[in-house]
Amino acid sequence: MEIDNDMKKSCDELALFGGTPTFSEKLHVGRPNIGDRDRLMQRINDLLDRRWLTNNGPYVQEFEQRITDIVGVKHCIAMCNATIALEIAIRAAGLTGEVIIPSFTFIATAHALQWQEITPVFCDIDPQTHTINPWRVEALITPRTTGIIGVHLWGQACNVAALTEIAQRHNLKLMFDAAHAFGCSHQGQMIGNFGDAEVFSFHATKFFNTFEGGAIATNNDELAAKIRLMKNFGFAGLEQVDYIGTNGKMSEVSAAMGLTGLESLDKFVAVNCSNYRQYQRELRDIPGVKLLTYNQSEKCNYQYIVLEIDEEITQVERDRLVKILWAENILARRYFYPGCHRMEPYRSYFPHAGLLLPETESLGKRVLVLPTGTAVGTEEISKICQIIRLVVQYSYQVKERLAYKVNESVHSNK
Ligand code: T4K
């Protein structure tokens, strides 16, 4: 490892050991990207003047059209968030019984099923891509299985071809939780076009946001029509209800934010990409610290800076590193630790699920997500990388200091 002579801190100066934090303000993962404020305010004024605030207003319609064009898909139905969008897509596609999903995902993927009393059956992941391992799916199929939901984690596509083949052979529905994958492609085609339907999230923490929001993309006319009704209580006319429905509508103010954000989409991606490249350069030669690589031949939003910490090599556990970073006001996240199967109610329902999820269990202990987006500058990224380098370079001193700190607090509590 290259020795960094400019290293600003020594081990003893780390904030966890009483030094001054590197940042005076907290650096978050998931700071929202915000487009042109004047354009946003103009749009908000327009919608107020129009007095049309929700229920399929003109901004929502324009927003849906823009997403449809970007994704190159037949239908986009905008929603209030991706969790409700998942629930509606699941219901509209007729999923029941058991549905196979990865455990290594945000809890919403599992909850969207369980909320409707459909059992999520957790499948292990491919440790290279962090996405569902199709070769493990087949063993989980039972007579109650009705579908598979892959998750394009970090914006990286699942093995779509293998999942499609398995779904077709077993007559299962196939959907994708594409919450991370807006603006990403797979084999040259934009994500949003695969399976029966795909669901995007436009939550504040995503690289492109509508405050809260999401959308279902599908090329299936019948499914799209059903979803449109279901997200509006099932209303097919003023006084005619065709299905059980809910309220999944996106509001005009969210669509105004979305339309404004779309005008800066290329900039958001460019900033994320440049941040990613800087992390790549500055973390490159730190042993045991691996940055997730994105497929360069695909479109990518570079929304997540994902590290895997191999503690056998770094000699510092991921969790200790997280503690050190938090003390420096770098709020790194352990997404998606500990895996859905270790969260309630699934932990109680399936207490031994972990036995079938060795890669999920192992990855959950290694992953670390760092701040990026327009709220993070090059200087900040350099400082974050310097701290990580320092901790790994002086892992033994760090361990000693931590042990001393624990001892100290044990004695002071006596
Ligand atoms: N499927 C997958 C695979 C997902 O990752 C998600 C959501 C969903 C489905 C469901 O999508 P939505 O229903 O949310 O549309 C955050 C987000 O809330 C969640 O949307 C996202 N995935 C998940 C990966 O991250 P938390 O629990 O980490 O949120 P929170 O409040 O800790 O926010 C993260 C950081 O962002 C904080 O450190 C502060 C910062 N932040 C947050 C907000 C809301 C800001 O700086 N400004 C803000 O306005 O889940």
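Residues numbered from 1 in each chain as written. Predicted model: local features only at pLDDT ≥ 70, side-chain atom pairs only at ≥ 80, totals over all residues. Heavy atoms only, no water.

1. Some points on the nonpolar core
Worth spelling out the cut-off: To form a nonpolar core, buried Ala, Val, Leu, Ile, Met, Phe, Trp, Tyr and Cys residues must be joined to one another through side-chain atoms within 4.5 Å. Classification of residues uses two cut-offs on accessible area relative to the type maximum, computed with a 1.4 Å probe and protein chains only: under 20% is buried, over 50% is exposed, and between them is partly exposed. Strands here mean DSSP runs of E at least two residues long; helices mean DSSP runs of H or I at least four residues long; both are numbered from the N terminus. For each domain, the first and last residues come from an automatic or database assignment. Contact criterion: two residues are considered in contact whenever any of their non-hydrogen atoms come within 4.5 Å of each other.
Within the largest apolar cluster, 53 residues are counted, with the highest numbers of intra-cluster contacts made by Trp154, Tyr279, Leu307, Leu325, Leu368, Leu370 and Ile388. Among the elements of the structure, α9 (265–283), β13 (289–291), β14 (305–309), α11 (318–327), β16 (367–370), α14 (378–393) and α15 (395–412) are those that each provide at least two residues to this core. Each of two domains, domain 1 (11–33 + 266–332 + 371–412) and domain 2 (37–263), supplies a minimum of three residues to this core. When sequence neighbours within four positions are dropped, the list of residues in contact with Tyr279 reads Arg284, Leu291, Ile305, Leu370, Pro371, Ile381, Ile384 and Cys385. Core analysis: the next-biggest nonpolar cluster, separate from the first, contains 48 residues, Ile67, Ala167, Ala181 and Phe208 among them.

2. A look at the sheet that holds β14
Using the following cut-off: For two strands to count as paired, DSSP must find a minimum of two bridges between them. To obtain an axis, a line is fitted to C-alpha atoms, over the contacting stretch when the element is a helix, and the angle between two such axes runs from 0 to 180 degrees between their N-to-C directions.
The antiparallel open sheet is built from three strands, whose spatial order is β13-β14-β16. Here the strands that pair on one side only, and so sit at the sheet edges, are β13 and β16. For this sheet the average axis-to-axis angle between neighbouring strands, irrespective of direction, equals 30°. Pairing geometry for β14 and β16, over four bridges, is antiparallel. In the strand pairing of β16, Glu308 is matched with Val367.

3. Comments concerning helix α7 (residues 221–230)
Spelled out, the test is: In protein, a polar contact means a hydrogen-donor-capable atom and an acceptor-capable atom, both N or O and within 3.5 Å, with residues adjacent in sequence counting only if both atoms are side-chain atoms; elsewhere, any N or O pair within 3.5 Å suffices.
Here α7 has its buried residues at Leu223, Ala224, Ile227, Leu229 and Met230. Turning to α7, the residues buried within the fold contact β2 (75–79), α3 (82–92), β9 (197–201), β10 (214–218) and β11 (235–237). The backbone nitrogen of Glu222 lies 3.0 Å from a side-chain oxygen of the residue at the head of α7, namely Asn220.

4. Overview of the domain arrangement of the protein chain
The line we're drawing: Defined in terms of a 1.4 Å probe, buried area is the accessible area two parts forfeit on being brought together, summed over both. Think of a salt bridge as a Lys or Arg side-chain nitrogen and an Asp or Glu carboxyl oxygen that are within 4 Å of each other.
Here the domain parsing of the protein chain yields domain 1 (11–33 + 266–332 + 371–412) and domain 2 (37–263). Contacts between domain 1 and domain 2 engage 18 residues on the former and 21 residues on the latter. Together, the buried faces of domain 1 and domain 2 total about 1700 Å²; carbon and sulfur atoms form 50% of this surface. Our enumeration of links across domain 1 and domain 2 arrives at zero salt bridges.

5. Section: the site of the ligand
Cut-off, in case you're wondering: Proximity is defined per residue: any heavy atom of the residue falling within 4 Å of a molecule or strand makes that residue near it. Methods summary: accessible areas were calculated by the Shrake-Rupley approach with a probe of 1.4 Å, and residue burial reflects only the protein chains presented. For this classification, the nonpolar set comprises Ala, Val, Leu, Ile, Met, Phe, Trp, Tyr, Cys and Pro, the charged set comprises Asp, Glu, Lys and Arg, and every other residue, Gly included, is treated as polar.
Within the structure, the ligand sits among 26 residues, and Arg31, Thr83, Asp177, His180 and Tyr335 are positioned closest to it. In the model, a nitrogen atom of the ligand is placed 2.7 Å from a nitrogen or oxygen of the Asp177 side chain. The fraction of the free accessible surface of the ligand (920 Å²) that becomes covered by protein chains is 76%. Going through the elements one at a time, α3 and α4 (107–114) are the ones with two or more residues in the shell around the ligand. When the residues that make up the shell around the ligand are grouped by side-chain class, the tally is eleven nonpolar, eleven polar and four charged. Shared between two domains, the shell around the ligand takes at least three residues from each, and those domains are domain 1 (11–33 + 266–332 + 371–412) and domain 2 (37–263).

6. Here we look at the environment of Phe233
For Phe233, the position within the fold is in the loop between α7 and β11. Residues Phe233 and Gly245 lie twelve residues apart in sequence; the distance between their C-alpha atoms is 3.8 Å. With near-sequence residues (within four places) excluded, Phe233 lies in contact with Val241, Tyr243, Gly245, Thr246, Asn247 and Lys249.

7. Quick look at the pattern of salt bridges
Counted by the stated rule, this structure contains 17 salt bridges. Residue Glu263 is joined to Arg39 by a salt bridge in which the shortest nitrogen-to-oxygen separation is 3.6 Å. Here Arg39 lies in helix α1 (residues 37–50) and Glu263 lies in the loop between α8 (252–262) and α9, a separation of 224 residues in the sequence. Given a relative accessible area of 29%, Arg39 falls into the partly exposed group.

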